[in-house]
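Coordinates in review
Below, each chain spelled out in residue letters.
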Amino acid sequence: MTLLDVRHLSVAFGGIQAVSDVALRMAHGQIVTVIGPNGAGKTTLLSAIAGIIPASGSVTFGGVDLARHTVESRVAGGLSLVPEKRELFAGMTVAENLRLGGWRLRAQGFRAATRAMDECYALFPRLAERRGQRAGTLSGGERQMLAMARALMAKPTLLMLDEPSLGLAPLIVRDIFRTIRALRETGVSILLVEQNARAALAISDYGYVLEGGRIALEGDGAALAADPRIVEMYLGTAAR
Amino acid sequence: MDQSIFLILLQDGVVNGAIYALLALCLVMVFAVTRVILIPQGELVSFAALTYATLDTGHVPASLYLLGGLGGAAFLRAAWAKRGTALLWLAVETLVLPAGIAGVTVWLAPQKPGVAVEVLLALAITAPLAPYLYRLAFQPLANASVLVLLVASVGAHLALGGLGLLIFGPEGSRGPGFSTAMLSLGDQVVPGQSLWILGLTLTAMAGLYLFFEFTLLGTALRAVAVNRLGARLVGIRTEQAGLIAFTLAGILGALSGVLVAPLTTIYYDSGFLIGLKGFVAAIVGGLASYPLAVLAALVVGLVESFSAFWASAFKEVIVFTVIIPVLLWRSWRHQDLEDEE
């Protein structure tokens, strides 16, 4: 069943076309990756789907046309974004960040949010150790964990992750990818934007290659990972 | 100057400073959440004071027209933007509420219900003006720059000032004190009104602190202040946060007006000067620090009361000059204080 259906999506910044006529579909329970070089429009694509920036074309999520939906109402509908810059509440503690992540659950009472927080701590034990610490003082990896946990507090159907491995040490990257795969097992669908194409494609059901704001190539994760053009451009030279 | 005069001036300064502190807190909070510098805060102070004074004479205050008018305008503006969703709630907030308040006021005012009820009525009539103003003037501009919001704020100040003259006329009036008791502390006499002012401002500050520190809603407001995008990404609607911030500012602004009404004669435009002193304190706090703003407000109150004694003609000048060294110091310390996000 189609969860997300993006059609003819275009975004222009002051006359420059950042994303042109992109079509993207994904089903419930899938992990889908968008790879591509710097400046290909990957972040712009996710921002447009999240509603942060205006775009032309259509985004349908769970059968609902999102044209008139704000960022906030998209979150309420189960569509969450973890942005590249994380956008944490730096002066607040880890626990407060999570509590706010559960804003969508506020009608269900304090208990529901506390239960969701415990689930997050189980998923990211490091955060449990740091729950009283201010978000601004966390390491890069911990920040990414907190950003993901905060988004998960809203119980999203679809979680969009923008460069979750950016600037992180290899061991932590491995953890993050393991967590992403574990999340899928719990029923969360994931739309992933990554520089680390090899790791991303390895866990993906389907992938898109974005170049110059257009979809240059698409296919199954494994097929893309084996495609000679991809190997040459994104996997072969990138000796990460 | 002997000791008793010193103590009287000290007491005056602290009492006025407490009121400025309340206003400074509102300015800091509203700016943090909405990036609006709330200049019309001063009008709220005047309107609350004059409404309170009118109620005490047993008349129905004309500010009810303002309440109804602004509520209606806010309804139309918001209904236009919303295209028919959640209209019922909106109507309750902007139409039914003012009608209810007006009804109660018309019923109670001629009976001279006593100071406590009059205070509550004055608060009920004045405080909602702030959220209506937000819906009308600021919510549609929520994504504009700080400068545009400032211009809108000046506009709102001028418009409300004009309406204030129309509604209350050019005459000043003075509200009754909450208490006529005089406490003697040694050879120093402390009027009951001063204790009321200190007690209520401290209570309001403690309430604000508890709200922001320990409730989810308060935390959400802080979240909007530190990271708007982050707040939106967890589903907090920034316009709702702005509405709540304005509501709090409305309540505290009106409270300040009611507190100041027995101290001095208030005219339709007196609140502006009072608000400006709160603004000085807020600026000292960098429009960001609540404790600094409160501290600065106390200093402003003290400077004002002592300069009133030594050089009363230059009282205001001295108070507003205090801000210059602070601004210089600030601009030296942070070369890049342009808070444009």
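The structure under discussion appears in the preceding block.
Just so it is clear, the structure is predicted and the values come from calculations on it, not from any experiment.

A few words on the overall build of chain A. In terms of regular secondary structure, chain A is built from ten helices and ten strands. In terms of C-alpha radius of gyration, chain A reaches 17 Å, essentially the compact-globule figure of 18 Å for 240 residues. Along the longest, intermediate and shortest principal axes, the C-alpha atoms of chain A span 50 × 40 × 35 Å. Taking all 240 residues of chain A together, the buried fraction comes to 52%. Considering only intrachain contacts with a sequence separation of at least 6, the fraction spanning at least 24 residues in chain A is 66%. Of the roughly 10500 Å² of accessible surface on chain A, 53% is carried by carbon and sulfur atoms.

Residues and elements named next belong to chain A. Pairing geometry for strand β9 (residues 206-211) and strand β10 (residues 214-220), over six bridges, is antiparallel. The partner of Gly207 across the bridge, within β10, is Gly219. Here β9 folds back onto β10 in antiparallel fashion, the turn holding two residues, of which Gly212 has a positive phi close to 55°.

Residues and elements named next belong to chain A. Of the pairings in the sheet, the one linking strand β1 (residues 2-13) to strand β2 (residues 16-27) comprises eight bridges and is antiparallel in character. Opposite Phe13, over in β2, you have Ile16 as the bridge partner. Turn length for the β1-β2 hairpin, with the two strands adjacent in sequence and antiparallel, is two residues, and the turn residue Gly14 shows positive phi of about 50°. Summarising the sheet, β1 and strand β4 (residues 56-61) pair through five bridges and their orientation is antiparallel. Residue Leu4 lies in a different strand from β4, and its bridge partner there is Phe61.

This model, assessed by the stated rule, comprises twelve aromatic pairs over all chains. When the ring of Phe138 of chain B is compared with that of Phe246 of chain B, the centres are 5.4 Å apart and the planes differ by 40°; the resulting orientation is tilted. Of the two residues, Phe138 of chain B is situated in helix α6 (residues 129-138) and Phe246 of chain B in helix α11 (residues 238-260); the sequence distance between them amounts to 108 residues. Its relative accessible area of 0% is what places Phe246 of chain B among the buried residues. Aromatic side chains Phe178 of chain B and Trp196 of chain B sit 5.9 Å apart centroid to centroid with 75° between the ring planes, which places their arrangement in the edge-to-face category. In this pair, Phe178 of chain B is assigned in the loop between α7 (146-168) and β1 (182-185) and Trp196 of chain B in helix α8 (residues 192-214), connecting sequence segments 18 residues apart. Owing to a relative accessible area of 16%, Phe178 of chain B belongs among the buried residues under this scheme. Sitting over the face of the ring of Phe110 of chain A, Arg99 of chain A holds its NZ or CZ atom 3.9 Å from the ring centroid. Stacked on the ring of Phe89 of chain A, the Lys or Arg Arg150 of chain A has its end atom at 4.8 Å from the ring centre.

All names here are of chain A. For Ile53, the location among the structural elements is in the loop between α1 (42-50) and β4. Ile53 sits in the buried class, given a relative accessible area of 19%. Taking C-alpha positions, Ile53 is 15 Å from Asp162, a pair spaced 109 residues apart along the chain. Look past the residues within four positions of Ile53 in its chain and what remains in contact with it is Val11, Phe13, Thr44, Ser47 and Ala48.

Reading the values: rules and limits
- Residues numbered from 1 in each chain as written.
- Chains lettered and ligands numbered in written order.
- Predicted model: local features only at pLDDT ≥ 70, side-chain atom pairs only at ≥ 80, totals over all residues.
- Heavy atoms only, no water.
- Helix = DSSP H or I, 4+ residues; strand = E, 2+ residues; numbered from the N terminus.
- Rg over C-alpha atoms; globule rule 2.2 N^0.38 Å.
- Buried < 20%, exposed > 50% of the residue type's maximum accessible area, 1.4 Å probe, protein only.
- Contact = heavy atoms within 4.5 Å.
- Areas by Shrake-Rupley, 256 points an atom, 1.4 Å probe, with all protein chains shown as cover.
- Pairing = 2+ DSSP bridges.
- Phe/Tyr/Trp six-rings, centres within 6.5 Å; stacked < 30°, edge-to-face > 60°.
- Lys NZ or Arg CZ within 6 Å of the ring centre and 35° of its normal.

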